[in-house]
Structure formats: structure tokens, C-alpha cells
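Observations on chain architecture
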Amino acid sequence: MAAAAPPFPAVAAAALLLLLCLSGGGGVCNAQTPVFACDASNATVAAYGFCNRSATPAARAADLVSRLTLAEKVGFLVDKQAALPRLGIPAYEWWSEALHGVSYVGPGTRFSPLVPGATSFPQPILTAASFNVTLFRAIGEVVSNEARAMHNVGLAGLTFWSPNINIFRDPRWGRGQETPGEDPLLTSKYAVGYVTGLQDAGAGAGGDALKVAACCKHYTAYDVDNWKGVERYTFNAVVSQQDLDDTFQPPFKSCVIDGNVASVMCSYNQVNGTPTCADKDLLSGVIRGDWKLNGYISSDCDSVDVLYNNQHYTKTPEDAAAISIKAGLDLNCGSFLAQHTVAAVQAGKLSESDVDRAITNNFITLMRLGFFDGDPRKLPFGSLGPSDVCTSSNQELARETARQGIVLLKNNGALPLSAKSVKSMAVIGPNANASFTMIGNYEGTPCKYTTPLQGLGANVATVYQPGCTNVGCSGNSLQLDAATKAAASADVTVLVVGADQSIERESFDRTSLLLPGQQPQLVSAVANASTGPCILVIMSGGPFDISFAKSSDKIAAILWVGYPGEAGGAAIADVLFGYHNPSGRLPVTWYPESFTKIPMTDMRMRPDASTGYPGRTYRFYTGDTVYAFGNGLSYTSFAHHLASAPPAHVALQLAEGHACLTEKCLSVEAEGGHCENLAFDVHLRVRNAGEVGGAHTVFLFSSPPAVHNAPAKHLLGFEKVSLAPGQAGVVAFKVDVCRDLSVVDELGNRKVALGSHTLHVGDLKHTINLRV
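How each quantity is defined
- Residues numbered from 1 in each chain as written.
- Predicted model: local features only at pLDDT ≥ 70, side-chain atom pairs only at ≥ 80, totals over all residues.
- Heavy atoms only, no water.
- UniProt positions renumbered as here; feature names shortened; annotations may be inferred.
- Phe/Tyr/Trp six-rings, centres within 6.5 Å; stacked < 30°, edge-to-face > 60°.
- Buried < 20%, exposed > 50% of the residue type's maximum accessible area, 1.4 Å probe, protein only.
- Lys NZ or Arg CZ within 6 Å of the ring centre and 35° of its normal.
- Helix = DSSP H or I, 4+ residues; strand = E, 2+ residues; numbered from the N terminus.
- Pairing = 2+ DSSP bridges.
- Disulfide = S-S within 2.5 Å.
- Axes fitted to C-alpha atoms, helices over the stretch in contact; angles between N-to-C directions.
- Left-handed = near helix turned anticlockwise from the far one by under 90°.
- Contact = heavy atoms within 4.5 Å.
- Nonpolar A, V, L, I, M, F, W, Y, C, P; charged D, E, K, R; others polar.
- Core = buried A, V, L, I, M, F, W, Y, C linked by side-chain atoms within 4.5 Å.
- 1 Å grid on protein atoms, 1.4 Å probe; cavity = no way out; pocket = protein on both sides within 12 Å on 5 of 7 lines; lining within 4 Å.
- Points joined across faces, edges and corners; volume = space filled by probe spheres on them.

Looking at an unreviewed UniProt entry, the protein carries the name Fibronectin type III-like domain-containing protein, with the source organism given as Urochloa decumbens. According to the UniProt record, the Subcellular location (unreviewed entry) comment for the protein is "Secreted".

1. Here we look at the packing of aromatic side chains
Counted according to the given criterion, the structure contains 31 aromatic pairs. On the basis of an interplanar angle of 20° and a centroid distance of 5.3 Å, the ring pair of Tyr48 and Phe50 is categorised as stacked. For the residue pair Tyr48 and Phe50, the accessibility class agrees, reading buried in each case. For the pair Tyr591 and Phe595, a centre-to-centre distance of 4.2 Å together with 35° between the ring planes defines the contact as tilted. For Tyr591, a relative accessible area of 1% gives the class buried. Aromatic rings pair up to connect Tyr48, Phe50, Phe76, Tyr92, Trp94, Tyr296, Phe363, Phe371 and Phe372 into one cluster. Its guanidinium or amino end placed over the ring of Phe544, Arg510 lies 4.5 Å from that ring's centre, counting from NZ or CZ.

2. Looking at the pairing of strand 16 (residues 557-560)
Residues Ala557 and Leu559 point to one face of strand 16 and Ile558 and Trp560 to the other, with burial holding for every one of them. Pairing geometry for strand 11 (residues 407-411) and strand 16, over four bridges, is antiparallel. Residue pairing in the sheet places Lys410 in a bridge with Ile558 of strand 16. Relative to strand 16, strand 15 (residues 534-539) runs parallel, the two being bridged by four bridges. The partner of Val537 across the bridge, within strand 16, is Leu559.

3. Quick look at the UniProt feature "domain: Fibronectin type III-like" (unreviewed entry) in the protein
UniProt's feature table lists "domain: Fibronectin type III-like" (unreviewed entry) at residues 696-765, given in the numbering used throughout. From the first C-alpha to the last, residues 696-765 spans 19 Å; its make-up is 6% helix and 61% strand.

4. A closer look at the state of the cysteines
For the coordinates displayed, the defined rule picks out eight disulfides. In this model, Cys38 is linked to Cys51 through a disulfide, with the two sulfur atoms separated by 2.0 Å. Handedness of the Cys38-Cys51 disulfide follows from its S-S torsion of about -80°: it is left-handed. On the criterion of sequence distance, the pair formed by Cys38 in the loop between helix 1 (13-22) and helix 2 (43-46) and Cys51 in the loop between helix 2 and helix 3 (57-66) is long-range, its members being 13 residues apart. The residues Cys38 and Cys51 share a single accessibility class, namely buried.

5. Points about the packing of helix 6 (residues 133-151) against helix 7 (residues 184-199)
Axis separation between helix 6 and helix 7 bottoms out at 6 Å; the angle between their running directions is 35°. The two elements helix 6 and helix 7 cross, and the hand of that crossing is right-handed. Where helix 6 abuts helix 7, its residues Val133, Phe136, Arg137, Ile139, Gly140, Glu141, Val143 and Ser144 lie against Leu186, Lys189, Tyr190, Gly193, Tyr194, Thr196, Gly197 and Leu198. For the contact of helix 6 with helix 7, the per-class residue count stands at eight nonpolar, five polar and three charged.

6. Section: unusual backbone geometry
Going from Tyr219 to Thr220, the amide bond is cis rather than trans, its omega being 5°. Assignment of secondary structure puts Thr220 in the loop between strand 3 (216-219) and strand 4 (226-227). Of note, the amide linkage connecting Leu415 to Pro416 takes the cis form, showing an omega dihedral of 0°. By secondary structure assignment, the location of Pro416 is in the loop between strand 11 and strand 12 (425-428). Of note, Cys390 is a non-glycine position whose phi angle comes to about 60°, a positive value. Residue placement: Cys390 occurs in the loop between helix 14 (352-369) and helix 15 (392-405). For Cys473, which is not glycine, the phi torsion reads 45° and is therefore positive. If you trace the backbone, Cys473 turns up in the loop between strand 13 (462-465) and helix 17 (480-488).

7. Notes on the sheet that holds strand 3
The strands making up a sheet associate through hydrogen bonds between their backbones, and the pairing can be parallel or antiparallel. On the basis of which strands lie adjacent, the open sheet formed by three strands has the order 3-7-10 and parallel pairing. Each edge of the open sheet is held by one strand with a lone partner, namely strand 3 and strand 10 (296-299). Strand-to-strand twist across the sheet, computed as the mean angle between neighbouring axes with direction ignored, equals 30°. Note: strand 3 against strand 7 (residues 263-266), two bridges, orientation parallel. Bridge pairing in strand 7 places Cys216 opposite Val264. Running over the sheet, helix 9 (residues 250-257) touches strand 3 and strand 7 and is turned about 145° from strand 3.

8. Regarding the nonpolar core
If you look at the biggest cluster of nonpolar residues, it comprises 119 residues, and the most contacted ones within it are Phe50, Trp161, Tyr219, Val261, Leu337, Phe363 and Phe372. In this structure Tyr219 touches Gln249, Phe252, Val264, Met265, Cys266, Ser267, Thr276, Leu282, Leu283, Val286, Ile287 and Trp291, once residues within four positions along its chain are discounted. Judged by nonpolar contacts, the second largest core, of 85 residues, contains Tyr222, Val422, Ile535 and Ala571.

9. Side note on empty space enclosed by the protein
Scanning all chains against the criterion turns up four cavities of 30 Å³ or more. Its volume calculated, the second largest cavity comes out at about 70 Å³. Taken together, Leu642, Pro646, Val682, Leu684, Leu700, Leu759, His760, Val761, Leu764, Lys765 and His766 form the lining of the second largest cavity. When contributions to the lining of the second largest cavity are tallied by element, the ones reaching two or more residues are strand 20 (679-688), strand 26 (755-761) and strand 27 (764-771). Classifying every residue of the lining of the second largest cavity by side-chain character gives eight nonpolar, two polar and one charged.

10. Let's talk about the sheet that holds strand 23 (residues 728-736)
Taken in spatial order, the three strands line up as 17-20-23 in an open sheet, and their pairing is antiparallel. Among the strands making up the open sheet, the edge pair consists of strand 17 (638-644) and strand 23. Neighbour-to-neighbour, the strand axes of the sheet open up by a mean angle of 25°, direction not taken into account. Taken together, the six bridges between strand 17 and strand 20 define a ladder with antiparallel strand orientation.

11. Observations regarding the side chain of Gln242
With respect to the helices, strands and loops of the structure, Gln242 is situated in helix 8 (residues 241-248). When neighbours within four sequence positions are excluded, Gln242 is seen to be in contact with Arg606, His708, Asn709, Val744, Asp745, Glu746 and Gly748.

12. Some thoughts on the layout of surface pockets
Taken as a whole, the second largest pocket spans an internal volume of roughly 500 Å³. Considering the residues around the second largest pocket, the lining is formed by 25 residues, among which Arg585, Gly630, Gly632, His696 and Phe699 are closest to the centre. Elements that contribute at least two residues to the lining of the second largest pocket include exactly strand 17, strand 21 (694-703) and strand 26. No other element matches strand 21, which puts six residues into the lining of the second largest pocket. Of the residues assigned to the lining of the second largest pocket, the class counts are eleven nonpolar, twelve polar and two charged.

13. Describing the environment of Cys660
Note on placement: Cys660 falls in the loop between strand 18 (649-651) and strand 19 (667-669). Owing to a relative accessible area of 10%, Cys660 belongs among the buried residues under this scheme. Residues Cys660 and Val772 lie 112 residues apart in sequence; the distance between their C-alpha atoms is 7.6 Å. Leaving out residues up to four positions away in the same chain, Cys660 has contacts with Leu654, Cys665, Ser667, Val668 and Val772.

Okay, structure coming up:
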């Protein structure tokens, strides 16, 4: 989204009217502007076909479109939808956000004394580190409850432009914090879980009904914001078809097909020379055609304006309007289509039927949401209100999410701490008393904050020194003397450092992977001065090269806590004191600083040995790592045993006359009769071999044969299991050969590689030979 939104945007006119009405606003409810569409008390309005709740959404939308003039129609192509009093339709603002809780970013939502805040969950990058699909959905359900509660009192819309499911391809990306990480499978499962939690209206609401409408963004190959002067508004992502279909597209495909998401948002950048919002193949061809999107396609904010004014992709604004709508765009965040679409139709560049198609998709979405069903208080979820926001259970889920996501990267035995034996604790660092920093970007006003200092101080006596006045930690802000004195006199020292939105954010990518400014000097000086264990806590979205701390004998433990949300400080304390056994795993690779020699704009995923290009993400990267994808320690140990092994040889039964029956093939198509019922089970016995109960994520990876530049390994599945000390459990994976053991070839086609595939879980390995 464009970063220019005001911090406390004004509520749309209709929402304000509804708020005033529902909170006793007197005569304003009798104003000419309707408060909600299809008001049953207005006989004329109630008689319209589009207000007939027994008709299908498509039939209702068709009736509405038939009643509109062209000038009125183009008003429904943009996010700020004006009221149409003659048909009893109120104003509506499409742009609301719910990345990790209901947000005030976007003018469709605001907070007020009636609802002063909403539950603020961790940024998605930390939530993803939990590798807990059940949790992804549970968060979506809570966020949609709070969104509906706010909608019912006029403080929020129904269309939320979340989640961000771009692949965190480069560690310097400022928006990586918003994503579920670098792995296509994890990102896909996050997308489906969160979207389903947001949208599912329940069995009694009808199969096509929506609780709120989610939006998977930013489509596609978008992950450069502003790096060394290269901006997202003009960046052309040069991507091979193989990388596009293997890495960038799978989360969007899953979001549409498996998550049945109501919307996809096209991005600012070009892909191979064409702006995504003007690419008919990507929009109408893939999203609407191949994947059968049941919903609408939105632009990122001002993307259509950008492709004309910044990218100069068309000669006239009318051409830009025409090409984007004909490509499959339905809704323009911004005003460009409202300004130029009528002229485009009059010039013959666009037909009115193209406009009809676009607004029909938008109207059907609003029909599914109940926007045209009258008073929202009399509809499903109409009983939700302010008391359903910031409930104790919702806030506890935010704390539990942070606990499950926190990753223990190093522990020499100092953790967990004993609250009884620690008499004094030095809490040091620019993020040690962080509040706003903890919730990251695309934030809302949280219910409350528990800072790290507050969370730790609730358990033991603390002495606080910031060490640096801010995370930039320049020479003038470094306060070493006070910090080292505090560490020298304490039983335990906890250093909370890392980043905030001044270091990584939308429109701002990093150029270095080192801790900002003089934070390394602060960490080293405090660690050397500590008389007791020194524990390093990294609060950030993206990874850092902390090799010096990893190898230091003076630093007893390291944790990464992401941006942990409103209850972050409590969750950090829960982990440090052993009230919660850490189980988070890294959803991204942590690279050394030397990786920054690679241009961020090089979109290639696969390594190139001839030039020394190392590739990207754990699937392809060939260089050194500080910490690997999936790393994470526990206070106990887990043992794996292969309880049920798949066959060592699997034959694909090809159809008679298949070319690969008579000639040597490296792979066969991952579709067709030979794929039917071609699956096997992998059963793993997992035992908690330690003395502390805890959760454990079981990863099933596959290393395919070295054909088609296949990944070195890729994640086939993951399951999280909780076990008491000494307890064992069985984790089952069903492996579909053509789905899970296939790779994407150089032309973007999915193929089953013939030869040896090695399945591995931890140190366990099992090889399967696929043949014809």
C-alpha cells in the first residue's frame, strides 16, 4: 500500500453516520444520505431487485448494474465509493487493513472512545515462526470478530487488504516483517489459514457468505521497495518462468484455490516489462482464468496512476484506464479510474461492458458480505460490539502467539532462568522498554502494551539502562558507562536490541545486515562487563548478521522475538523464565554481511556457479549462513524414529505409447493418469527425551534429483506436536508423488523428477527411487 495514509484517517461519511446513529446521534439518521443499503424501512429501496436477499449475489449485482449510468458506474471502480442516494446506497471505503489486528492504516477504519483499540498480534513473520497452522486460523477468527464488532458501530469496513504473502526473498527487504517468510509452502499454509479465519462466516451463513473479505497481496514478484534509489514504483522484476511458478506464485495460487480468498491485489512493480496491474495474462489469465478467483482484483494504491505517470507505460491516461480494466482489474485504490474511465469509453478504448464486468465483481463481493442486506445489527455477527474487542481471551491469544513464535537461537545452559534465584536483573538496550516498536507496521492502536522491561520486572527486580537512546545508536546516543555499570552489578543481564521502523519498513530497504549503528559495541561492552549470564534478545522483522554474538563465550543465550505484538514483553519473560518452553523456528535464512554484495534487484532464485552467484533462500542458497531456515532450540530434546517407511521404489504407470517408455527421460508430467492414487504415508514417532514438556515442529523435507535446476531441498510438510517429558507421539504425513515430489522445469511446467528422492526429518533420511 502507499505509505502516505495519515496516521489517524477520517472515517468514511457513511461509517460516521452509522456511528452517530448507533450511538444515539438524533436527527442525523433522517438525513438524505442513507446509513446502510437496502433499508427495509424504505419501501422504494426495499423493492429493488438488488435488495432481494433470496436472489443470488450475481443476479442482485446484475440488477444493480442495470440501474446505473456510466458516470455512476465509474464511481464504483475506486476505493472511495461515494453515496448514491437515489438508490439508497451509502458511501463505502474499501480500504481497511488487518495485517496482524484491526489497523488504523487505511481510511476505512478508525478508533474512537467507543472502541479505543484492538488486539495487536505479532507481526506475521513471528507468527509464522510458530509453524502452527491452527494458530494462523485462530488469529484470523479473532481479528474478524473484532472487525465485525467495529463495523457494527460504524468504525470499520468489511474489506480488509490483508495478508501480505510475498516471499521474503532478500533479507534486506523492509517489508519482510509483514510476510510469513521465505518458504512457499509455509507462506501458502499461512495464507490459507489466516484468510479462512478472516472470511469463514460459519455453516449457517450459506456457502458463499463472507464474514469479512480478505485480500492476498502483492501480486506478484514484489519485494523491492527502495534499495539504493531503486523504487518499487518503477522497478522491473526480471523473473524466469521457472522462478515465477516455483517460488513467487504458489502462495497466491493456494490463497485463491485453497483459501477461496475474496480478493487479490496487484503490485506496483513490473514483471518482465509489464506492470502487474496491466498484465492480462497474470490477471484475467491466471488469477481469474486458471485459478477461478471468486471475488475482485484490486490495485495497490495508485498503481494505475503509477503505471502512467511513473512508468510511462501508456501514452494517455485513458489508455492506462483501458488497459488495466481490460487486463482484469476491478477496483482501483485511488481516484485514477474515476477520473479517466468515462473518457476511455467515449474514445472507444474500452467498452462499457468491460466496466460492467469489473463493478459486478465488486458488487458480488459486497453482496456476499451482507452490505446490501440492510441494518448490519440485524444480520449474522450483528450482535458483536465494543465488548467483543480486546477481550481477555483475545489478548491472551496475542501473548500465546508471541510465545509460540519466539526462537531460541543459542543457549549454553543459562536458560531458563529461575525467578527465585535471580535477585537482580539489568535490562539494557534501545528496545528494552519498547512499546510501539513491538507492533511493527500496518498497526492499530493496541489494547495495551507490556514492554520487555515490564514483563521481566513482573518477575524479578530490574535496573534499566537504554544503552542507546534509539535503535540507530549513533555515537552521540551511545551510553556505555551506565549500561556496563548496571550489567556489572546484576545477577543476570538481558540486552534487547535490533530494529524498528526507522531501520526497516515499507518504502525503505536495508543496505546492511549488521546491527544498526554502534549496537555491536554496546552488546560487546555489556557482555564483557556482565558478572552473570548475558542474554541477547533481537527484536526485528528481518535477519541480522550477529556472528560475533553467536561465537562469543560472554553471551550465554540469543533469542529472536520478531515484532512480538502488544504482549511481547510478557511473552519474552514467559520464555526466559521457563514458563513457556520455546518452540519457534526461523522462517527465514540469516545471511552473513557478505551477502549484501549481491544486488537486491537480482531476482534469480537459483545459484550460478560460473559467476559465483549463491542463489537465495534455503532452497537454493549455496553460501554460508549465520542461522539456517528452521533453526530453533528448546529447553528439552526430541528424538525421531521412522515408524512407517514408504517404499524404496515407486513405479509410475505411464499410459501406453508414452514417450518415456521407450526413451530415457529425466522427468514426466506431474499430471495425468499416472498421478492418480500415487501417494504414500510417512509416519514418524517423536519422543520428548528431556525433562521439560514442550512443543516441537516436525519438518519433512525432500531433496530431489539434480534435474531442471531443482532446489537442494524443499519443505513437503510440517506438524507441531506437544509432548510431556518422556511422552511419545506419532506424526503422519501423506506424500502425494505428483504434488509433493514434483519440481518446476525451465519452462514453468511441473514435472516429477525420475531417480532418487531423499526424504529427511532432522538427522533421519529415507530414499525413494521413482521410475517408470
